[in-house]
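The primary structure of each chain is shown beneath.
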Amino acid sequence: MAMSYTRKLILLGPPGAGKGTQSERLVEQLGIPQISTGDLLRANRKAGTKLGKKAQGYMDAGELVPDDLIIAMVKERLAQTDAQRGYILDGFPRTTAQAEAMVENDIVVERVVNLEVPKEALVERLSGRRICRECGASFHVAFKPTRKEGVCDRCEGETYQRADDSPAVIENRLDNFAAQTAPLIAFYGERGLLQNVSGEGEMSDVYQGILDALTV
Ligand code: AMP
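Owing to the predicted nature of the structure, the values given are computational and were not obtained by experimental measurement. (Residues numbered from 1 in each chain as written. Predicted model: local features only at pLDDT ≥ 70, side-chain atom pairs only at ≥ 80, totals over all residues. Heavy atoms only, no water.)

**A short note on unusual backbone geometry**
Along the chain, phenylalanine 92 connects to proline 93 via a cis peptide bond; the corresponding omega equals -5 degrees. In this structure, proline 93 sits in the loop between β3 (87-90) and α5 (96-104). At aspartate 106, a residue that is not glycine, the phi angle is positive and equals roughly 55 degrees. Summarising the element assignment, aspartate 106 is placed in the loop between α5 and β4 (111-116). (Helix = DSSP H or I, 4+ residues; strand = E, 2+ residues; numbered from the N terminus.)

See below:
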C-alpha cells in the first residue's frame, strides 16, 4: 500500500540538526518545495538586495534577523505557485512571534518534526560543514566529503565554509536556539502537531524516522 504523507510541514531543530540535508530527499519524494529562510537570506545577500543588506550583520554575528523582515519574506515566497500544494519550512519559524504570525496569516501547518541532536554533535557537524556557493548543497569534510575537494558534487560550483560556522558564532547560534527557538517545541506540542525524531545516526535512518512522523 502506498503511504500517504502530510505536505505542510515544519522541520524544527537546532543549527546542524540536518534540516537542510533531510529536506533534499523530502523535496524529491514528496514533490513539494523546501523553503529555507537561511537560504533565502543568503540569496538576498548574494544579489545585494535591501533585505540582504539589512540581514547581513545579524547573520554574521549568529543573531536572528528581525521577525518583521522574515515574515514578509516568507509570505512572499509562500504566495508562489509551487508552494500551493505543500511546503517544507526549514529554519522557519524560529521565534514564537513568527509562529503566531503564521496563525494570523492562515499559513497552515499539518505537522512539526523536531529533529533532536545533542550539542556536541551539532558543533562537530557545523564546524566541518561546507556549502556550495551556487546551489546551496551541504557537505561535511569528514562525514560527507565532496568527490573533489572544494567542488560541489551536484553542480560543480565552489564550496565554502559559512562565516557563521566559525566556533564563536556557532556557540552564539546554539545559545540563541535554546533561548528563542526551543520554546516552539512546547508551542507545537500543546497544539498536538509535534513529532520528535532522532537526528543522530545514519542519514537514511533519520530520513525513515521523518517519513514515519509524516504518515497520515
Ligand atoms: P540557517 O541557514 O537556517 O542556519 O540561517 C542562517 C542565519 O539566517 C541565522 O543564523 C539567522 O541569522 C538568519 N535566519 C534564518 N532563518 C531565520 C528566521 N526564521 N528568523 C530569524 N533569522 C533567521
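**Digging into the pairing of β3**
Burial along β3 is two-sided: the residues Tyr87 and Leu89 and Ile88 and Asp90 are all buried. Summarising the sheet, strand β1 (residues 8-12) and β3 pair through 4 bridges and their orientation is parallel. Counted as the bridge partner of lysine 8 is tyrosine 87 from β3. Sheet analysis places strand β2 (residues 34-36) next to β3, joined by 3 bridges and oriented parallel. Along β3, the bridge assignment pairs serine 36 with aspartate 90. (Buried < 20%, exposed > 50% of the residue type's maximum accessible area, 1.4 Å probe, protein only. Pairing = 2+ DSSP bridges.)

**Remarks on the site of the ligand**
What surrounds the ligand is a group of 16 residues, the closest being Thr37, Arg42, Glu63, Gly91 and Gln98. Measuring from an oxygen atom of the ligand, one finds a side-chain N or O atom of arginine 42 at 2.9 Å. For the ligand, an oxygen atom lies 2.6 Å from a polar atom in the backbone of glutamate 63. Surface burial for the ligand is 96%, taken as the share of its 480 Å² of free accessible area covered by protein chains. At 4 residues, the largest contribution of residues to the shell around the ligand is made by helix α2 (residues 37-47). Class assignment of the residues belonging to the shell around the ligand gives a composition of 6 nonpolar, 4 polar and 6 charged. (Near = heavy atom within 4 Å. Polar contact = N/O pair within 3.5 Å; in protein donor to acceptor, adjacent residues only side chain to side chain. Areas by Shrake-Rupley, 256 points an atom, 1.4 Å probe, with all protein chains shown as cover. Nonpolar A, V, L, I, M, F, W, Y, C, P; charged D, E, K, R; others polar.)

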